[in-house]
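Close look at the chain arrangement
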Amino acid sequence: MSSSMSAVVQHQFGGPQVLQVEQVPRPEPLPTEVLVRVHAAGVNPVDWKTRAGSGMAGMLGEPPFVLGWDVSGVVEQVGYGVTTLAPGDAVYGMPWFPRAAGGYAEYVTAPSRQFARKPSTVGHEQAAAVPLAALTAWQVLVDTARVEPGQRVLIHAAAGGVGHFAVQLAKHLGAWVIGTASARHHDWLTGLGADELIDYTSVRFEDTVRDVDVVMDLVGDGSDRTGTRSIGVLRPGGLLVEVPGLAPELAAAAQASGVRCSPFLVEPDGPALARIAGLIDDGTMSVEVQEVLPLAQAAAAHEHGETGRTRGKIVLHIAD
Ligand SMILES: NC(=O)c1ccc[n+]([C@@H]2O[C@H](COP(=O)([O-])OP(=O)(O)OC[C@H]3O[C@@H](n4cnc5c(N)ncnc54)[C@H](OP(=O)(O)O)[C@@H]3O)[C@@H](O)[C@H]2O)c1
């Protein structure tokens, strides 16, 4: 095995053009870590936010660095003490977040328990689309909101990477699922389990929805004040989870209105990924990949994602 590998490196913050494929040293696994040969890497909004200097840029420090958290691949080597994975195991994960993981590369190393065995019914490209988005859905709906059967859940940006998993998971938890999405996504989202859909381009959601137990806001207050407008659709004591970030003014407005409000940041979680793989393999959840591009076209993947119109996910292909 060569001691170097291809990776998408950026040497400065900026537009998609700062993403360049270069040769860098291949990482070595420390004790309790695995070296994973990456077959595909998922692309997330946090990637392009960080590339431009916001997102997790504060955690990664100054460039150069390698972006990317979502990976699917095969264990190549295990560090001392790893007992639950072995070379040849197909795994997927979102390691290290919010520290750098270097997922846009041929190899990553990370703690073994931040990975899980990849869903066996899908390929690496689909599996790489899952971790960050589906963990967000899981950690918001299961761990934070503790959604119960019969509750009314409103998901903003239901057609996006996180949203399409959230719709399916909320349905699986027994909720009445309401989503906002433009009309072209409605038939597809109904098929995933949405009970009511609102075309946000022509209808103000607060004019048609009320008595909601949980709002999962994936749009954020920075766009058309979606978070602030969501306060009024919650029942007293209901919960608003402001996934793109919670401003103090919004938290204060929620409190003044008698509803709860929570910030959120996704965390690596191997056991939850194992549960999610089970839901994919038993047909409860599916993963939508809109586009697969080669690693060398990471810049194009960012350009496409930054339009904000993606249905499901965009993925980088790295190895067959
Ligand atoms: N805090 C965390 O840990 C965390 C974790 C994951 C994601 N996030 C953040 O959550 C946000 C969503 O992430 P994502 O991966 O799901 O994004 P994404 O896949 O890029 O979202 C794209 C979708 O957003 C929809 N959309 C855009 N504006 C909308 C609006 N005003 N109302 C309803 N739908 C709208 C689009 O639907 P149309 O085509 O119909 O316009 C498109 O399907 C991002 O800001 C991301 O950074 C945070």
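Residues numbered from 1 in each chain as written. Predicted model: local features only at pLDDT ≥ 70, side-chain atom pairs only at ≥ 80, totals over all residues. Heavy atoms only, no water.

**Details of the site of the ligand**
For clarity, the cut-off: Residue proximity to a molecule or strand is established when one non-hydrogen atom of the residue lies within 4 Å of it. Polar contacts here mean pairs of N or O atoms no more than 3.5 Å apart (in protein, one a potential hydrogen donor and the other a potential acceptor; neighbouring residues in sequence count only if both atoms are side-chain atoms). Values of accessible area rely on a 1.4 Å probe in the Shrake-Rupley scheme; residue burial ignores everything except the protein chains shown.
Every one of the 26 residues lining the ligand counts as a neighbour, but Lys-49, Ser-182, Tyr-200, Arg-309 and Thr-310 are closest to it. A distance of 2.8 Å is found between an oxygen atom of the ligand and a backbone nitrogen or oxygen belonging to Gly-161. One of the side-chain nitrogen or oxygen atoms of Tyr-200 is found 2.3 Å away from an oxygen atom of the ligand. Protein burial of the ligand: of its 940 Å² of free accessible surface, 88% is covered by the chains.

**Examining the pairing of strand β7 (residues 107-111)**
The side chains of a regular strand alternate, first on one face of the sheet and then on the other. Inclusion rule: Relative accessibility under 20% of the residue-type maximum defines a buried residue, over 50% an exposed one, and the middle range a partly exposed one, all with a 1.4 Å probe and only protein chains included. To qualify as a helix, a DSSP run of H or I must reach at least 4 residues; to qualify as a strand, a run of E must reach at least 2; elements of each kind are numbered from the N terminus. Paired strands, as defined in this entry, are two strands with at least two bridges between them according to DSSP.
Counting buried positions along β7 gives four out of five residues, so the element sits mostly inside the fold. Pairing of strand β3 (residues 33-43) with β7 involves five bridges; the strand directions are antiparallel. Bridge pairing links Val-34 to Ala-110 in β7.

**Comments concerning the packing of helix α4 (residues 131-144) against helix α9 (residues 270-281)**
Cut-off, in case you're wondering: Axis lines are fitted to C-alpha atoms, over the contacting stretch for helices. Their N-to-C directions set the angle, which ranges from 0 to 180 degrees. Oblique is the label for any angle not covered by the other classes, which are roughly parallel (under 35 degrees), roughly antiparallel (over 145) and roughly perpendicular (65 to 115). The contact rule is simple, with two residues in contact once any of their heavy atoms fall within 4.5 Å. Each residue receives one of three labels: charged for Asp, Glu, Lys and Arg, nonpolar for Ala, Val, Leu, Ile, Met, Phe, Trp, Tyr, Cys and Pro, and polar for the others, Gly being one of them.
Between α4 and α9, the shortest axis-to-axis distance is 10 Å and the interhelical angle comes to 100 degrees. Compared by their axis directions, α4 and α9 come out roughly perpendicular. Touching Pro-131, Ala-134, Leu-135 and Trp-138 of α4 are Ala-272, Leu-273, Arg-275, Ile-276 and Leu-279, all from α9. Of the residues belonging to the contact of α4 with α9, the class tally is eight nonpolar, no polar and one charged.

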